[in-house]
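Residue-level listing of the chains:
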Amino acid sequence: MQETFTSRDVIALTGITARQLQWWDERGIVVPAREGHRRVYSMEDLAEVAVICELRGRGFSLQRVRKVMRFLQREFGKRLAHTVSGTSEYHLLTDGKTLFLETSPRQIIDILKNSRQPMLTICLSDTVRQVRAEIRAKKNSSSASRLVRRVRQAS
């Protein structure tokens, strides 16, 4: 069964505001599934929100991030979340000003067409791992709380 997240979960895990999340949905940036009027986010949606928040925090405009997302979809048929997952054969790299896609050890594509600057790498898949670790920690803490309550009730 695939894990799903509410808007509140996504907000708590990524630090995005409710309005930003709604706006991204309205603009087709990250479009979650619907259960009635509720937005329901998959792990891929959550990973994309986390990566986009990280890129935004590093100074990339939403317009540039959307350009990257469209490029990945058009050229490789992949979502941003697939590209930065730990199992991907592709790696998203940045020098802080532009974004590059490493498709193999010998090929790096300048997604934003500005390849004259030295390249420093930022591992965005760490952001996805961090969000997953926070989810596991919250699950473990809620399981421990339930166990403590049961023990107290049994006493």
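Relevant structure appears above.
Quick notes on the rules
- Residues numbered from 1 in each chain as written.
- Predicted model: local features only at pLDDT ≥ 70, side-chain atom pairs only at ≥ 80, totals over all residues.
- Heavy atoms only, no water.
- Pairing = 2+ DSSP bridges.
- Helix = DSSP H or I, 4+ residues; strand = E, 2+ residues; numbered from the N terminus.
- Axes fitted to C-alpha atoms, helices over the stretch in contact; angles between N-to-C directions.
- Contact = heavy atoms within 4.5 Å.
- Core = buried A, V, L, I, M, F, W, Y, C linked by side-chain atoms within 4.5 Å.
- Buried < 20%, exposed > 50% of the residue type's maximum accessible area, 1.4 Å probe, protein only.
- 1 Å grid on protein atoms, 1.4 Å probe; cavity = no way out; pocket = protein on both sides within 12 Å on 5 of 7 lines; lining within 4 Å.
- Points joined across faces, edges and corners; volume = space filled by probe spheres on them.

Chemist: Summarise the sheet that holds strand E3 (residues 38-42); cite the residues concerned and give the values.
Modeler: Ordered in space as E1-E3-E2, the three strands form an open sheet in which the pairing is antiparallel. Edge positions in the open sheet fall to strand E1 (4-6) and strand E2 (33-35), since each of these has one partner strand only. In this sheet, neighbouring strand axes are inclined to one another by 40° on average, regardless of whether the strands run parallel or antiparallel. Here three bridges tie E2 to E3, and the two strands are oriented antiparallel to one another. From the neighbouring strand, Arg34 faces E3, where its bridge partner is Arg39. Along the sheet, helix H1 (residues 7-14) contacts E1 and E3; its crossing angle with E1, the most-contacted strand, is approximately 90°.

Chemist: Run through the nonpolar core, naming residues and quoting values.
Modeler: Grouped together as the largest cluster of nonpolar side chains are 38 residues, with contacts concentrated most on Phe5, Val10, Trp24, Leu46, Ile52, Leu92 and Leu101. Of all the secondary-structure elements, those providing two or more residues to this core are H1, helix H2 (18-26), helix H3 (43-57), helix H4 (62-76), helix H5 (80-84), strand E5 (99-104) and helix H6 (125-154). No other element matches H3, which puts eight residues into this core.

Chemist: Give me the layout of surface pockets: which residues, what numbers.
Modeler: Here the idea is plain: a probe the size of a water molecule rolls over the atoms and shows the empty space left. For the largest pocket, the calculated volume is near 230 Å³. Lining the largest pocket are 14 residues, and of these Gly28, Ile29, Val30, Glu48 and Met69 lie nearest its centre. Those elements giving two or more residues to the lining of the largest pocket turn out to be H3 and H4. Residue contributions to the lining of the largest pocket peak at four residues, all from H4.

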